[in-house]
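Topology and contacts: notes
So you can see what is in the structure, the chains are spelled out below.
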Amino acid sequence: MAPGGGGSGGGGVNPFLSDSDEDDDEVAATEERRAGLRLGSGSGLDPGSADSLSPQDPVALGSSARPGLPGEAAAAAAALGGCGETPGRLSIDAIAAQLLRDQYLLTALELHTELLESGRELPRLRDYFSNPGNFERQSGTPPGMGAPGMPGAAAGSISTLDSLDFARYSDDGNRETDERVAVLEFELRKAKETIQALRANLTKAAVKYLYFLPPEHEEPIKPLEKRALNFLVNEFLLKNNYKLTSITFSDENDDQDFELWDDVGLNIPKPPDLLQLYRDFGNHQVTGKDLVDVASGVEEDELEALTPVLVQKLEDKISLLNNEKWSLMEQIRRLERKLSPAFHQALLSFCRMSADSRLGSEVSRIADSEKSVMLMLGRCLPHIVPNVLLAKRERMVLHLCQELIPLILCTACLHPEPKERDQLLHILFNLIKRPDDEQRQMILTGCVAFARHVGPTRVEAELLPQCWEQINHKYPERRLLVAESCGALAPYLPKEIRSSLVLSMLQQMLMEDKADLVREAVIKSLGIIMGYIDDPDKYQQGFELLLSALGDPSERVVSATHQVFLPAYAAWTTELGNLQSHLIPTLLNKIEKLLREGEHGLDEHKLHMYLSALQSLIPSLFALVLRNAPFSSKAKLHGEVPQIEVTRFPRPMSPLQDVSTIIGSREQLAVLLQLYDYQLEHEGTTGWETLLWVVNQLLPQLIEIVGKINVTSTACVHEFSRFFWRLCRTFGKIFTNTKVKPQFQEILRLSEENIDSSAGNGVLTKATVPIYATGVLTCYIQEEDRKLLVGFLEDVMTLLSLSHAPLDSLKASFVELGANPAYHELLLTVLWYGVVHTSALVRCTAARMFELTLRGMSEALVDKRVAPALVTLSSDPEFSVRIATIPAFGTIMETVIQRELLERVKMQLASFLEDPQYQDQYSLHTEIIKTFGRVGPNAEPRFRDEFVIPHLHKLALVNNLQIVDSKRLDIATHLFEAYSALSCCFISEDLMVNHFLPGLRCLRTDMEHLSPEHEVILSSMIKECEQKVENKTVQEPQGSMSIAASLVSEDTKTKFLNKMGQLTTSGAMLANVFQRKK
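Residues numbered from 1 in each chain as written. Predicted model: local features only at pLDDT ≥ 70, side-chain atom pairs only at ≥ 80, totals over all residues. Heavy atoms only, no water.

A word on the overall build of the protein
Filter applied, for reference: In DSSP terms, a helix is any run of H or I states spanning at least four residues, a strand is any run of E spanning at least two, and both are numbered starting from the N terminus. The rule is simple: take the accessible area with a 1.4 Å probe, protein chains only, and divide by the maximum for that residue type; under 20% is buried, over 50% is exposed, in between is partly exposed. We call two residues contacting when some pair of their heavy atoms lies within 4.5 Å. We get accessible surface area from the Shrake-Rupley algorithm with a probe of 1.4 Å; when it comes to residues, only the shown protein chains can shield them.
When its secondary structure is counted, the protein shows 51 helices and zero strands. When burial is assessed residue by residue, the protein has 47% of its 1078 residues classed as buried. Looking at the protein alone, contacts between residues at least 24 apart form 74% of all its contacts between residues at least 6 apart. Surface accessibility of the protein: about 53,800 Å² in total, with carbon and sulfur atoms responsible for 53%.

Put into structure tokens, the structure is as follows:
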């Protein structure tokens, strides 16, 4: 029987066609061609011959040649032959059965493979090749000799397919390798199928275990979950063009193939991408009922065998992941923003957006329209806007904004072309040439609605470039829009962009923009950025920006810094753990450096800058103390919440400095305050690290700094006083009484033992006294607090007086307290203590202090309390006490208008000047002349004309007779200052001739011998004054024209100014020569 080709003859029917599916034609034809190529040995044989499937073909049979063709094989061959006849169509299943019965195993295997590839798996072939029992060798049965009555026994003649001895039956040994490869490929596929089946079983078991966990039971991520999430994350990065990040991510997970989902190891369908999962998250809730019926496909014995290995691997992985988890949680705790919702809301309230929400809602509504509408708007709007007449545009600009902004933004939301979107947004930012406040708010409101709709990626790619283009625009209104946009868009930008590009834009504008309004908006936007930034590397940059903002020359910018930027930056600093470790210590160190370098001239502006910043940080510091308190875990809102006194805290500069806003709510703060006071009063501060830092480090350093400032600097004393007042009021009365006051008292050591002690006296003369008195002891106004303040001031006055120490610290205390009328009665109580004191030194000090308390005091209080005390002191046995009252009497003449009181003061001063017992009192005369020069220009005109100028004339005459040159020069110098000050007042011709000119001539007589420099100026003044009197121009209607300014020639002024550097008199008094009367 000659081998023949396998194919159908002309017009013959392909026996591989299926009865059930017409699509089998192509597959069967392919099988027929392949069979012909394998089984045919010559091209000249009849394709329709039955010999085409001859069992004598060793390759076709895959077994030993047999002498004859069995019946079934002959039938199959006849069916495949078909010499011109059209036999009935055979099913593929029948062909497969025939091949298996005749042990044409390789042919059957090829057929099985083809069917698998075409998706038409045949159950008969699948079951046969999946059963290892079909390939076990039956011992004792020769090949081809099955048991009687068992037609399929030939299958047992081999062990497995890979053990077939192909060379034994092959007449072509070169085919052995190819056939071996085919068998191995088949077994490899079977092994992979087995692995996949096992994976599926394990996955089902793992998933069932995972989803039956109770909700509160959180387990570390499983390996299969991690691989799945890694795949989805990498897919997201690639889709959004984060290619470098994707490469890095793949390198860090080199044990995973991100090209193939099957590598994940889960025999489950691939889930949607991350974006779809996020958007669909809120639409589904997984319930226990949905998952109860999920069953495991694992046989019990298989699961028992696999479970110990799986559990051990998972436990090892869990151990490693737990260690990693705690490390990451610590990093997350430091990086995660914990701003209270109230603080966030208060921060965003500084975004200047329109109160009309129509813009935002319209953008969202139109953004869901059809694309046809969007395309039409994109085509038309660029032509509509430029053609609106300028005049009409100015009249209807508000209406245009309301109508055009939503259209522009909605079109930009939906347009598919990036170039068109860029053009539309460019139109938006250039819609109005110089947008005013309301117009900018409308644009910002629309931009925020746009940002909410399109997401961070498009905001970064489309909106930010518009801002960047106008950062240096010539119109400040445009730059203002840019600055405000950076803050308004901050919540909708990628965090990397917030902390890099946007921060750099704002920094550039802060440093370079010359418009105060723009820099103010920049500061507010920086504050908003600080509320969202989470990159610790930007902390130092933020600190430098803070210092630049605090030192800005514009008060508007500095105010915005304290209201927005500083509180937001402090909140971030607190979360980083840098408030107590860096921010506050750095500011304190800068203050100390200023004081060291400013021994000969302190930069009070910088001192104010740093100290005001510290003052603004007090609420954040107190909030930190509360949050880290031992009782913080007990602070739960339940039952009735205690009320917080309205005056419990100082009034904050902005909502962001309100402690309740920082904490989260007023109710939560009330609970914390109740626990705070109880802890301080009953349980102490042990283990309370944040509060101990305040007590043991902050307060001692502050008190040390206070001792270094110049006590005569009213501004410095006031600044530190306000700081301590806010610190004590914020931390509370118990803290002030138990932590602050004892530290001051330990340093001051108020006792009579320190009267002769240089150390004690040194402390009492420093600024520590007024700052303690006005910053700490005035925090609370209950009766016991007032008594403590009164007692402290009395002790200081006594000790300083008895030790002959300078009174600057006491004066500073009186000036600071006297500025508040609420303390006038208290100060008079202290002074009355001095008036009746047994020591003349104390009474003298009290007399001098009256002068400092009179300004701003009510006339009623002056009449009832001050005047009687001064009259008492003016008759004191000690002349020094009487003389000390003169400045206070002069101040009354300067500040009071009550006629009776003025007459009483006038009589007292007249007694000093006219009583013979004071005739030789050089000190008294000096004090009166200085007082006249100080109060004369501002005193009541009649008092000045009838009393001050005539008595100065008399004192000048008397001084001509003084034989002691030093005293004569001293009096003359003070007279010169007094006349210089009074020369700015209007003086009548009669008074000029009778008193002012004669007094100047007497003074010139003294200066001719004692101070030629003064004599030159006096001569010029007298000469010009005499000329004016002669020309009768003194009484021309010149109002209160300065006599010096109108009489002294330009040459005289030049000489006078040239000589000023050589004079010993007060420059301030000399300057009055050329001033008008106020």
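Anyway, onward from the coordinates.
With respect to the packing of aromatic side chains
This is how it is decided: Working definition: rings of Phe, Tyr and Trp (its six-membered ring) pair if their centres are within 6.5 Å, and the pair is stacked with planes under 30 degrees apart, edge-to-face with planes over 60 apart, and tilted otherwise. Two conditions define a charge sitting above a ring: the NZ of Lys or the CZ of Arg must be within 6 Å of the ring centre, and it must be within 35 degrees of the ring normal.
Inspection of every chain in the model, using the stated rule, returns 20 aromatic pairs. For the ring pair phenylalanine 231 and tryptophan 261, a centre distance of 5.1 Å and an interplane angle of 75° mean the geometry is edge-to-face. Here the residue phenylalanine 231 occupies a position in helix H9 (residues 223-239), and tryptophan 261 occupies one in the loop between helix H10 (243-252) and helix H11 (274-280), the gap between them amounting to 30 residues. With 5.9 Å between their ring centres and 85° between their planes, tyrosine 676 and tryptophan 688 make a pair best called edge-to-face. Of this pair, tyrosine 676 sits in helix H30 (residues 666-683) while tryptophan 688 sits in the loop between H30 and helix H31 (689-706), and the two are 12 residues apart along the sequence. Ring pairing ties together the aromatic residues Phe622, Phe631, Phe649, Tyr676, Trp688, Phe731 and Phe735, which thus form one cluster. In this structure, arginine 648 packs its charged tip against the face of phenylalanine 649, placed 4.4 Å from the ring centre. Here the basic side chain of arginine 882 rests over the ring of phenylalanine 879, its NZ or CZ set 4.7 Å away from the ring centre.

Section: a negative patch on the surface
Worth spelling out the cut-off: Patch membership requires over 30% relative accessible area and the absence of a salt bridge. Like charges are linked within 9 Å, and nonpolar side chains (Val, Leu, Ile, Met, Phe, Trp, Tyr) within 5 Å. Here a salt bridge means any side-chain nitrogen of Lys or Arg lying within 4 Å of a carboxyl oxygen belonging to Asp or Glu. Counting rule applied: Lys, Arg positive; Asp, Glu negative; His and chain ends not counted. By convention, the charge on Lys lies at NZ, on Arg at CZ, on Asp at CG and on Glu at CD.
A cluster of acidic side chains, namely Asp251, Glu252, Asp254 and Asp255, defines a negative patch on the protein surface. Note that aspartate 255 resides in the loop between H10 and H11.

Considerations on the nonpolar core
So the rule is basically this: Each nonpolar core is a collection of buried residues, namely Ala, Val, Leu, Ile, Met, Phe, Trp, Tyr and Cys, held together in the definition by side-chain atoms within 4.5 Å.
Phe724, Phe731, Phe735 and Phe850 are the most contacted members of the largest nonpolar core, which totals 238 residues. The element that contributes the greatest number of residues to this core is helix H28 (residues 604-627), accounting for 14 residues. Beyond its immediate sequence surroundings of up to four residues, phenylalanine 735 is in contact with Tyr676, Leu680, Leu691, Val694, Val695, Leu699 and Val740. Counting 17 residues, the second-largest nonpolar core is a separate cluster that includes Ile92, Leu100, Leu125 and Phe129.

What to know about unusual backbone geometry
In most cases, non-glycine residues show a negative phi, while peptide bonds are predominantly trans. In this model, glutamine 103 sits at a positive phi of 60°, which is unusual for a non-glycine residue. Within the fold, glutamine 103 resides in the loop between helix H4 (92-101) and helix H5 (105-117). Relative accessible area serves as the criterion here: at 10%, glutamine 103 is assigned to the buried category. Its identity as a non-glycine residue notwithstanding, asparagine 241 has a phi of 65°, on the positive side.

Some points on the side chain of glutamine 98
Rules: Contacts described as polar in this section are N or O atom pairs within 3.5 Å, which, within protein, must combine one atom able to donate a hydrogen with one able to accept it, while residues neighboring in sequence count only if both atoms come from side chains.
Relative to the elements of secondary structure, glutamine 98 occurs in helix H4. In this structure the side chain of glutamine 98 is engaged in a polar contact, spanning 3.1 Å, whose partner is the side chain of arginine 101.

Examining the pattern of salt bridges
For the structure shown, the criterion picks out 28 salt bridges. Arginine 440 serves as the salt-bridge partner of glutamate 484, at 3.1 Å between the closest nitrogen and oxygen. Taken together, the residues span a long stretch of sequence, with glutamate 484 in helix H22 (residues 476-489) and arginine 440 in helix H20 (residues 437-454) at a distance of 44 residues.

Considering H30
What counts here: Every helix has an expected span of 1.5 Å times one less than the residues it contains.
Over its 18 residues, H30 runs 24 Å from end to end, which matches the ideal 26 Å to within 8%, given 1.5 Å per residue. All of the buried residues in H30 are Gln668, Leu669, Ala670, Val671, Leu672, Leu673, Tyr676, Gln679 and Leu680. Residues of H30 that are buried in the fold lie against H28, helix H29 (659-663), H31, helix H32 (714-731) and helix H33 (733-748). The positive-phi residue at the C-terminal boundary of H30 is glycine 684, with phi of around 80°.

Let's talk about the environment of arginine 556
The topology assignment puts arginine 556 in helix H26 (residues 555-576). As a C-alpha pair, arginine 556 and alanine 521 span 35 residues in sequence and 9.8 Å in three-dimensional space. In this structure the side chain of arginine 556 is engaged in a polar contact, spanning 2.9 Å, whose partner is the side chain of glutamate 520.

A closer look at the packing of helix H43 (residues 899-914) against helix H45 (residues 941-960)
We count it as follows: Every angle, taken between N-to-C directions, lies between 0 and 180 degrees, and every axis is a line fitted to C-alpha atoms, over only the stretch in contact when it is a helix. Orientation categories follow fixed angle ranges, with anything under 35 degrees roughly parallel, anything over 145 roughly antiparallel, 65 to 115 roughly perpendicular, and all other angles oblique. Under the scheme applied here, ten amino acids are nonpolar (Ala, Val, Leu, Ile, Met, Phe, Trp, Tyr, Cys and Pro), four are charged (Asp, Glu, Lys and Arg), and all others, including Gly, are polar.
Following both chains from N to C, one finds H43 and H45 inclined at 5°, their axes separated by 12 Å at the closest point. Here H45 runs roughly parallel to H43, going by the angle between their axes. Only Arg942, Phe943, Glu946, Phe947, His951 and Leu955 of H45 make contact with H43, whose side of the interface consists of Arg899, Lys906, Leu909, Ala910, Leu913 and Glu914. Its residues assigned to classes, the contact of H43 with H45 shows six nonpolar, one polar and five charged.

Let's talk about helix H24 (residues 516-530)
Helix length check: H24 (15 residues) gives 21 Å between terminal C-alpha atoms against 21 Å at 1.5 Å per residue, within 8%. Of all the 15 residues making up H24, 13 are buried; the element is thus mostly covered by neighbouring parts of the structure.

Focus on the state of the cysteines
Put simply, the rule is: Whenever a pair of cysteine sulfur atoms sits within 2.5 Å, that pair is classed as a disulfide.
Evaluation of the coordinates by the stated rule reveals zero disulfides. Left without a disulfide partner, cysteine 467 is nearest to the cysteine sulfur of cysteine 486, which lies 5.3 Å away.

Considering the packing of helix H35 (residues 768-776) against helix H36 (residues 783-802)
Basically, it comes down to this: Here is the rule for handedness: rotate from the far helix to the near one, and if that takes an anticlockwise turn smaller than a right angle the crossing is left-handed, while a clockwise turn gives right-handed.
As a packed pair, H35 and H36 sit with axes 10 Å apart at the nearest point and diverge in direction by 165°. One way to sum up the angle between H35 and H36 is to call them roughly antiparallel. The element H35 and its partner H36 pack so that their crossing is left-handed. Across the interface between the two elements, Val769, Tyr772 and Ala773 of H35 pack against Leu789, Phe792, Leu793 and Val796 of H36.

A short note on the environment of serine 581
Relative to the elements of secondary structure, serine 581 occurs in helix H27 (residues 579-597). Separated by 112 residues in the primary sequence, serine 581 and tryptophan 693 place their C-alpha atoms 9.8 Å from one another. Polar contacts involving the side chain of serine 581 include one to the main-chain carbonyl oxygen of glycine 577, which spans 3.0 Å.

Here's the deal with the confidence of the model for the protein
What counts here: A residue's pLDDT is simply how confident the predictor is in it, with values from 0 to 100.
On average, residues of the protein carry a pLDDT of 77, and 70% of them reach 70 or more. Note on residues 137-173: pLDDT under 50 across the span, and 38 contacts to partners over four residues away in sequence or across chains. Counted against residues more than four places away or in other chains, residues 1037-1078, with its pLDDT under 50, gives 71 contacts.

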